[in-house]
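# Chain and residue survey
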Amino acid sequence: MCLRTWLARPAALTCPECRAPVSSDAVNPVHALRNLIGSLEVRCDHAHRGCKAAVRLDLLAGHLSTCDFAPVQCAGCGQAVSKLHLPEHQMDCPGIAASVNDNDDSAEGSTSDDDDERDSWELRLSRTSAGKSACIGDVLALMDRIRALESRVERLLGELRAARTANLDLEREYKQISEQLREKRREIRDLRDVEAFLDRNCSPSPETMAQLSLFIARNLLRKPRYVEVGRAFEAIQKCYDRFQGAHPDCEHDMHMLLATAYASNWFSPRQRLSISCWLCTITRPGMRVGSTLLNR
């Protein structure tokens, strides 16, 4: 576009940069560059008059043709006024007022042309006043709509805050329920295992002794509510009576079971004393204490 402007000058037949001969017919626009420049946003030419619009460069001409801040000349005083403010200016324009007064003073001797001109001014003033009233009415209506929209937005924001609070409550409740569900599943799994080695009719084995030791260690300071202390103590006693001395290979497992049971807070002082004595018989092989004697 700049090169075409340069070549439009009289006797301009060379490139402004390298001075090589060039004609307007040989100029080919770079569309990609033109689109890039056209997509840039620029301020309106009437920004100094109050226009806040920022438009694409390729749409600037269309905006300028309809911009409310474009200058127009007042018919009364010749002053350049923004198109938006022209009706208000004409209401107080001294040139229009003087013209109206002159027409009123010469009304008696005026010709029909003068009467027509006066009627034209009066009609223009009436239209200007009506236009101003209409603009004021439109502004008031828009202000009412803005207030209604602001009220609606405030109400929606309140509902959004309430929904967020409810969502947080639901998330906390979901986490609590999920934790309770995991706890119940663990209890069911443990209960299934516990029933196997706490069964009074079940003969103890090295496997059940190891499982019982592991179960107590996993719940060392918090006995599950579904475990009866008496049954747990009886299971430990049965393991001790069956495997103490008779099965040297199980001595390590027996030691682990008794030490774990003694370290827990499951049992009463009397039961802990029995477990301590059984533990001593393992750590001191020469000391044999019967479990029946300790439970009297």
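Computed from a predicted model, the values in this text were never measured in an experiment. (Residues numbered from 1 in each chain as written. Predicted model: local features only at pLDDT ≥ 70, side-chain atom pairs only at ≥ 80, totals over all residues. Heavy atoms only, no water.)

This part takes up the pattern of salt bridges. The tally for this structure, following the rule as stated, stands at six salt bridges. Its salt-bridge partner being Arg56, residue Asp58 comes within 2.8 Å of it at the nearest N-O pair. Relative accessible area serves as the criterion here: at 45%, Asp58 is assigned to the partly exposed category. (Salt bridge = Lys/Arg side-chain N within 4 Å of Asp/Glu carboxyl O. Buried < 20%, exposed > 50% of the residue type's maximum accessible area, 1.4 Å probe, protein only.)

Ranked by internal contacts, the top residues of the largest apolar core, which has 23 residues, are Ile236, Met254, Leu257, Leu258 and Phe267. Those elements that provide at least two residues to this core are α7 (206-218), α8 (229-243), α9 (251-263) and α10 (269-283). Tallying contributions element by element places α8 first for this core, with seven residues. Dropping the residues within four chain positions of it, Leu258 is found in contact with Ile236, Tyr240, Ile275, Trp278, Leu279 and Ile282. (Core = buried A, V, L, I, M, F, W, Y, C linked by side-chain atoms within 4.5 Å. Helix = DSSP H or I, 4+ residues; strand = E, 2+ residues; numbered from the N terminus. Contact = heavy atoms within 4.5 Å.)

Time to look at the environment of Phe69. Along the chain, Phe69 falls in the loop between α3 (60-66) and β3 (71-73). The spacing of Phe69 and Asp45 is 24 residues in sequence and 9.4 Å in space, taken between C-alpha atoms.

Before going further, it helps to spend a moment on the packing of α9 against α10. Running from N to C, α9 and α10 cross one another at 150 degrees; their axes reach a closest spacing of 9 Å. Taken together, the axes of α9 and α10 lie roughly antiparallel to each other. The interaxial crossing formed by α9 with α10 has left-handed handedness. Counting all contacts with α9, which are made through Glu251, Met254, His255, Leu258, Ala259, Ala261 and Tyr262, the residues of α10 involved are Arg272, Ile275, Ser276, Trp278, Leu279, Ile282 and Thr283. Among the residues forming the contact of α9 with α10, the class breakdown is nine nonpolar, three polar and two charged. (Axes fitted to C-alpha atoms, helices over the stretch in contact; angles between N-to-C directions. Parallel < 35°, antiparallel > 145°, perpendicular 65-115°, else oblique. Left-handed = near helix turned anticlockwise from the far one by under 90°. Nonpolar A, V, L, I, M, F, W, Y, C, P; charged D, E, K, R; others polar.)

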